[in-house]
Amino acid sequence: MGSSRHTPAVKAAGFGTFAAVFTPCTLTILGVIMFLRLGHVVGHAGVWQALLIILLAKLITTLTALSLSAIATNTRVQGGGAYFLISRSLGVESGTSIGVVFFLAQAVSVALYVLGFSEALLDALSLEPGRLALVATVTNAAVFLCVVVGAGWAIRVQYVILGMLGLSLVSFYAGAAGRWDAATFATNWGPQYGEGETFFTMFALFFPAVTGIMAGANMSGELADPGRSIPLGTLSAVAVTAVIYLTEALCLAGCAPAEVLKADALVMKRVALVPGLINMGVFAATLSSAIGSMLGAPRILQAIADDRVIPWLHVFRTRPGSREPRAAVALTFVISQLCIVVADLDTVAPVITMFFMITYGTLNLATFYEAITRNPSYRPRFRFNHWSLSLAGAAACVLVMFLLDWQAALLALGTMAALYWWVSSHEIEQRWGDLRYGLLFERTRRNLLKLERELEQHPKDWRPILLTLSGTVGLRPRLPVFGHWLTAGHSLQTLAQIIRGNAEELVDRRAKQEEFLQEFIEDQDLDAFPAVVVAPTLSAGIDSLIQCHGLGALRPNTVLLGWPTSAGAVESFGRHLRVIAKLGCSIVAARFEGARAGDSGVVAYRSRGESAERAAGSGAETSHAEVPSDRDRKASIADGSPEDPWAVPRGTIDVWWRGARNGALMLLLAHLLRQNRRWRDHDIRLIRVIESEGGRAEVERHLQALVHGARIEAETLVYVHDDPAAVIREQSADAAVSFVGFTPPQSGEEVAFYERLESLVGDLSRVLFVHSVGPIALDA
């Protein structure tokens, strides 16, 4: 991100779903709009359009809640709410721009709730409306003082506030049951808009009522189980409050004519069985929401300041010895007071609508990008979301913004764009030629430099960057295709070939072979790059490829090569394995049925003056003295010989667990393989063989905990047997592919190493032998 927090850790209090997610979300959603403006919306829009407004608003917040649940369960959320989530997904530029907007939205919300409280108080005391600004100012100052003194009481008193709110709703429903009239309801069924009012002005007025879904996510650091509490509590609050709003709209439509609904802000009080309880509900809802916003807004600003993104915000950073953002609280008070002085409830609500639309839209966009980039580390515990829902949520937010007020939408988006540009602060260098190429090149260049200079790779961000020693790909294309399955959509693959000989003599041949590799990549529609090197020996060629191939952070970290099928080639093969491991690359050796003897995936072509005997000494030589002809290449690709490389066999994906050293990489590769459309119906099995029945229960728990922590869907199996090889050969006989770990052999032990692994897997058709050098963190 280019920035980090410089704040002390806060010990989690271990709050549950109801206390720290459902209750604050519900209290924020059931606020001033419900008591003072829902009747106004029903009076103008009529029953069916009012219900449509409620459902549309709830649809947007539901889609956003799904995105929030996904992204919040894929990381450990710290302070800052939406700012933290977005900045850690889309980057500090997007996070800061949306964080500032979200802070303003929360600060202006304080004015909304304070004005609502003041309106209700004036009505209850029968005071003149002209005193609204004075009463709101006093109330705002009282809220400010409460927050400055301390915020520890908030969790303790919310049950009392929720109880007061519940009593007011019971009073309303009881009164509505005795007043409801079918004729009045029928009269109010259609819209009766007054001058200057439309469906969208009513939507803009109502939408702030449903903006409270971030209240629980902001408490994630204090939750006992955030992965369960945030989705369950947030979505439950959205559902419960939707039922309340819909039923209230139906009740109001049958209890008062449209003109009364439009003119009487406290029509709920006139309907309620005990009118005083409605006043109590208004006071409780508005004050709790005002205090909540006054608590939340400063912490967003504090989080931005702690990330040291905007230098002049340093005054709002966390101070040593205190987590209270008192300077940010003071700024929040000033902003809310300005809104109180210059505006009223009806003008403040649409402004908040625009701010929250931007915030929710960006949160949806962040989740969309997390999912669509197919990052292996994106494994949220919340599974009930899809990138299309996040995209729909983002699109709905943008569409509604422009339908409500296109000028305000442009101004808001322009403000965000300006903030984004200011934070990024990159100079734009003049480029000539095609604009698309220039933009793509510049973005790529800057991203590579940022990866190299500014960002340190975390184990959770590890992904296989394959260097595939592909041999004669036109004659044996299965290895590159398998590499494609392991990397497509989320990483990179390079198809590499080594020509053994003198570089000066083989320049033309090297160019021709690279051209053929590129043609093969295009014909097979692979996500790969070609690489051909000329070296005096195969080991030297491998050394050169691993050390020099790639750019910056995009150097290969895993080598994919073929497995020899005869002991005659294992000495050189074992030497290659040791070199690759010592150079810091993991190894995946593919053993496929039908592979030619001695074919390790490394191909070397003899130079014209070199003897056949010397070339054969490499242990990885092909029988061709020259590069295959174009006709042979294309024919071998066209007919799929020796078999269709894209054919996916039936069966399971078996991962034979023999320890975390190689097991973590094997399980991650199995997960990546299953992400391909052709492999999605193949189940992953995580299997271990032990010798003692007494250890079965403990091993089963360990494997289940491993799969749960890795957030990878897999079946766990434990077999008790004194011959692991027999179990592997029997249980994986019908597997589509089996992953088995290994350690490169010591010098002089190559034949024993080869025979041991051959005996282990027997006649299995498809085996991937894996050696990991790390670092991989499945539970990150």
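Bear in mind that the values here come from a model prediction, so they are computed numbers and not experimental data. (Residues numbered from 1 in each chain as written. Predicted model: local features only at pLDDT ≥ 70, side-chain atom pairs only at ≥ 80, totals over all residues. Heavy atoms only, no water.)

Q: I'm lost on the overall build of the protein chain in this one. Help?
A: Secondary structure assignment for the protein chain yields 28 helices and 10 strands. With 780 residues in all, the protein chain has 54% of them scored as buried. By sequence separation, contacts in the protein chain at least 24 residues apart represent 83% of the contacts at least 6 residues apart. As displayed, the protein chain offers around 33,500 Å² of accessible surface, 58% of which is attributable to carbon and sulfur atoms. (Helix = DSSP H or I, 4+ residues; strand = E, 2+ residues; numbered from the N terminus. Buried < 20%, exposed > 50% of the residue type's maximum accessible area, 1.4 Å probe, protein only. Contact = heavy atoms within 4.5 Å. Areas by Shrake-Rupley, 256 points an atom, 1.4 Å probe, with all protein chains shown as cover.)

Q: Looking at this structure, I do not really get the sheet that holds strand β3 (residues 529–535). What am I missing?
A: In a beta sheet, neighbouring strands are held together by backbone hydrogen bonds and run either parallel or antiparallel to one another. Within the open sheet, the 10 strands sit side by side as β3-β2-β1-β4-β5-β10-β9-β6-β7-β8. Their pairing is mixed. Both edges of this open sheet fall to β3 and β8 (715–720), since each of them pairs with a single strand only. Recorded for the sheet is a direction-independent mean angle of 25° between the axes of neighbouring strands. Across four bridges, the pairing between strand β9 (residues 737–741) and strand β10 (residues 766–771) is parallel. (Pairing = 2+ DSSP bridges. Axes fitted to C-alpha atoms, helices over the stretch in contact; angles between N-to-C directions.)

Q: Hey, could you run me through the pattern of salt bridges in this one?
A: When the charged atoms of two side chains lie near each other, side chains of opposite charge can form a pair. For the structure on display, the rule yields 10 salt bridges. A salt bridge links arginine 696 to glutamate 700, with the nearest nitrogen and oxygen atoms 4.0 Å apart. With arginine 696 and glutamate 700 both in helix α26 (residues 696–710) and four residues apart, this pair spans about one turn of that helix. (Salt bridge = Lys/Arg side-chain N within 4 Å of Asp/Glu carboxyl O.)

Q: In this structure, what is going on with a nonpolar patch on the surface? I would like to understand it.
A: A cluster of nonpolar side chains, contributed by Trp48, Leu52, Leu56, Leu59 and Trp189, occupies part of the molecular surface with about 450 Å² of accessible area. Residue position: leucine 52 is located in helix α3 (residues 38–72). Its relative accessible area of 33% is what places leucine 52 among the partly exposed residues. (Patch = residues over 30% accessible without salt bridge, like charges linked within 9 Å, V, L, I, M, F, W, Y side chains within 5 Å.)

Q: Would you mind showing me how to read the packing of aromatic side chains here?
A: Aromatic ring pairs are reported here in terms of the distance separating the ring centres and the angle at which the planes meet. Enumeration over the complete set of coordinates arrives at 25 aromatic pairs. On the basis of an interplanar angle of 90° and a centroid distance of 5.4 Å, the ring pair of phenylalanine 199 and phenylalanine 200 is categorised as edge-to-face. The exposure class of phenylalanine 199 is buried, given its relative accessible area of 16%. Judged by relative accessible area, which is 31%, phenylalanine 200 ranks as partly exposed. In this structure an aromatic cluster arises from ring pairing among Trp563, Phe573, Phe742, Phe753, Tyr754 and Phe769. (Phe/Tyr/Trp six-rings, centres within 6.5 Å; stacked < 30°, edge-to-face > 60°.)

Q: Can you walk me through unusual backbone geometry in this structure?
A: Excluding glycine, most residues fall at negative phi; most peptide bonds, likewise, are trans. One non-glycine residue with positive phi stands out, namely aspartate 525, at about 55°. Position of aspartate 525 relative to the elements: it lies in the loop between α20 (507–524) and β3. Taking relative accessible area as the criterion, aspartate 525 reaches 60% and is therefore assigned exposed. The backbone of arginine 711 sits at a positive phi, close to 60°, despite the residue not being glycine.

Q: What is the right way to look at the nonpolar core in this model?
A: Across soluble globular proteins, nonpolar side chains show a tendency to be buried alongside one another. With 125 residues, the main nonpolar core has Phe35, Phe203, Phe206, Phe207, Met214 and Tyr245 as its most contacted residues. If you tally residues by element for this core, the top one is helix α5 (residues 92–124), at 17 residues. What phenylalanine 203 contacts, discounting residues up to four positions off in sequence, is Ile53, Leu56, Ala57, Ile60, Met357, Val400 and Leu404. Within the second largest apolar cluster, 52 residues are counted, among which are Val532, Val588, Leu706 and Ala710. (Core = buried A, V, L, I, M, F, W, Y, C linked by side-chain atoms within 4.5 Å.)

Q: Teacher, can you tell me more about the packing of α3 against helix α9 (residues 199–206) here?
A: The relative placement of two packed helices comes down to the angle between their axes together with the axis-to-axis distance. One can describe the packing of α3 onto α9 by two numbers: an axis separation of 9 Å at closest approach and a directional angle of 65°. Between α3 and α9, the angle is such that the two are roughly perpendicular. Crossing geometry of α3 relative to α9 is assigned as right-handed. The segment α3 lies against α9, with Leu38, His40, Val41, His44, Gln49, Leu52, Ile53, Ile54, Leu56, Ala57 and Ile60 engaging Phe199, Met202, Phe203, Leu205 and Phe206. The residue makeup of the contact of α3 with α9, split by class, is 13 nonpolar, three polar and no charged. (Parallel < 35°, antiparallel > 145°, perpendicular 65-115°, else oblique. Left-handed = near helix turned anticlockwise from the far one by under 90°. Nonpolar A, V, L, I, M, F, W, Y, C, P; charged D, E, K, R; others polar.)

Q: Would you explain α26 in this entry?
A: Residues separated by three or four positions in an α-helix point in the same direction, a consequence of the helix having 3.6 residues per turn. In this model, α26 (15 residues) spans 21 Å end to end at C-alpha, consistent with the 21 Å of a helix rising 1.5 Å per residue. For α26, every residue scored as buried is listed here: Val699, Leu703, Leu706, Val707, Gly709 and Ala710. Taken end-on, α26 shows its buried residues confined to a sector of 170°, consistent with a single buried face. Structural note: α26 exposes Glu698, Arg701 and His708 on the side pointing more than 90 degrees away from its buried face. Where α26 ends, the next residue or the one after it, arginine 711, has phi of about 60°, a positive value. (Expected span 1.5 Å × (residues − 1). Arc of directions from axis to C-beta.)

Q: In this structure, what is going on with the side chain of histidine 549? I would like to understand it.
A: Here histidine 549 is to be found in the loop between α21 (538–548) and β4 (558–562). At 2.8 Å, the side chain of histidine 549 and the side chain of threonine 494 are in polar contact. If near-sequence neighbours (up to four positions away) are discounted, histidine 549 is found in contact with Leu467, Thr494, Ala531, Ser544, Arg555 and Pro556. (Polar contact = N/O pair within 3.5 Å; in protein donor to acceptor, adjacent residues only side chain to side chain.)

Q: Would you mind showing me how to read the environment of alanine 242 here?
A: Checked against the element boundaries, alanine 242 lands in helix α11 (residues 226–255). Exposure remark for alanine 242: the relative accessible area of 15% places this residue in the buried category. Note: C-alpha distance between alanine 242 and isoleucine 54 (188 residues apart in sequence) is 7.6 Å.

Q: Even after reading the chapter, I still don't get the packing of helix α22 (residues 570–582) against helix α28 (residues 750–761), so can you show me in this structure?
A: Between α22 and α28, the least distance of the axes is 8 Å, while the angle of their chain directions is 90°. Classified by the angle between their axes, α22 and α28 sit roughly perpendicular to one another. Where α22 approaches α28, its residues Val570, Glu571, Gly574, Leu577 and Arg578 are matched on the opposing element by Glu750, Val751, Phe753 and Tyr754. Its residues placed into classes, the contact of α22 with α28 shows five nonpolar, one polar and three charged.

Q: Can you walk me through the pairing of β9 in this structure?
A: Successive residues of a regular strand alternate their side chains across the two faces of the sheet. In terms of residue burial, β9 counts as a mostly covered element, since five of its five residues are buried. Alternating positions in β9 separate into two faces, Val737, Phe739 and Gly741 on one and Ser738 and Val740 on the other, with burial throughout. As defined by bridge partners, strand β6 (residues 653–656) adjoins β9 across four bridges and the pair is classed as parallel. When the bridges of β9 are listed, aspartate 654 appears paired with serine 738. Since β9 and β10 lie parallel, the crossover through α28 that links them has a hand, and here it is right-handed. (Right-handed = clockwise from strand over helix to strand, strands pointing away.)

Q: What is the right way to read the environment of serine 390 from this model?
A: Structurally, the position occupied by serine 390 is in helix α17 (residues 387–424). It is 5.2 Å that separates the C-alpha atoms of serine 390 and phenylalanine 368, two residues lying 22 residues apart in sequence. Setting aside chain neighbours within four positions, we find serine 390 in contact with Ser67, Asn364, Thr367, Phe368 and Asn385.

Q: Sorry if this is basic, but what is going on with the confidence of the model for the protein chain here?
A: Any residue range with low pLDDT should be treated as having predicted coordinates unsuitable for detailed reading. Of all residues in the protein chain, 85% have pLDDT values of 70 or greater, and the mean over the chain is 81. With pLDDT under 50 throughout, residues 426–436 is counted as low confidence; its partners more than four residues away or in other chains account for three contacts. Contacts from residues 595–642, a stretch scored under 50 in pLDDT, to residues over four places away or in other chains number 111 contacts. (pLDDT = per-residue confidence, 0-100.)

Q: Whenever I open this one, the side chain of lysine 58 confuses me. Can you help?
A: Within the element layout of this structure, lysine 58 appears in helix α3. Glutamate 248 provides the closest opposite charge to the buried, salt-bridge-free lysine 58, at an N-O distance of 12 Å. In contact with lysine 58, not counting residues within four places along its chain, are Ile29, Val210, Val238, Thr241, Ala242 and Tyr245. (Lys, Arg positive; Asp, Glu negative; His and termini not counted.)

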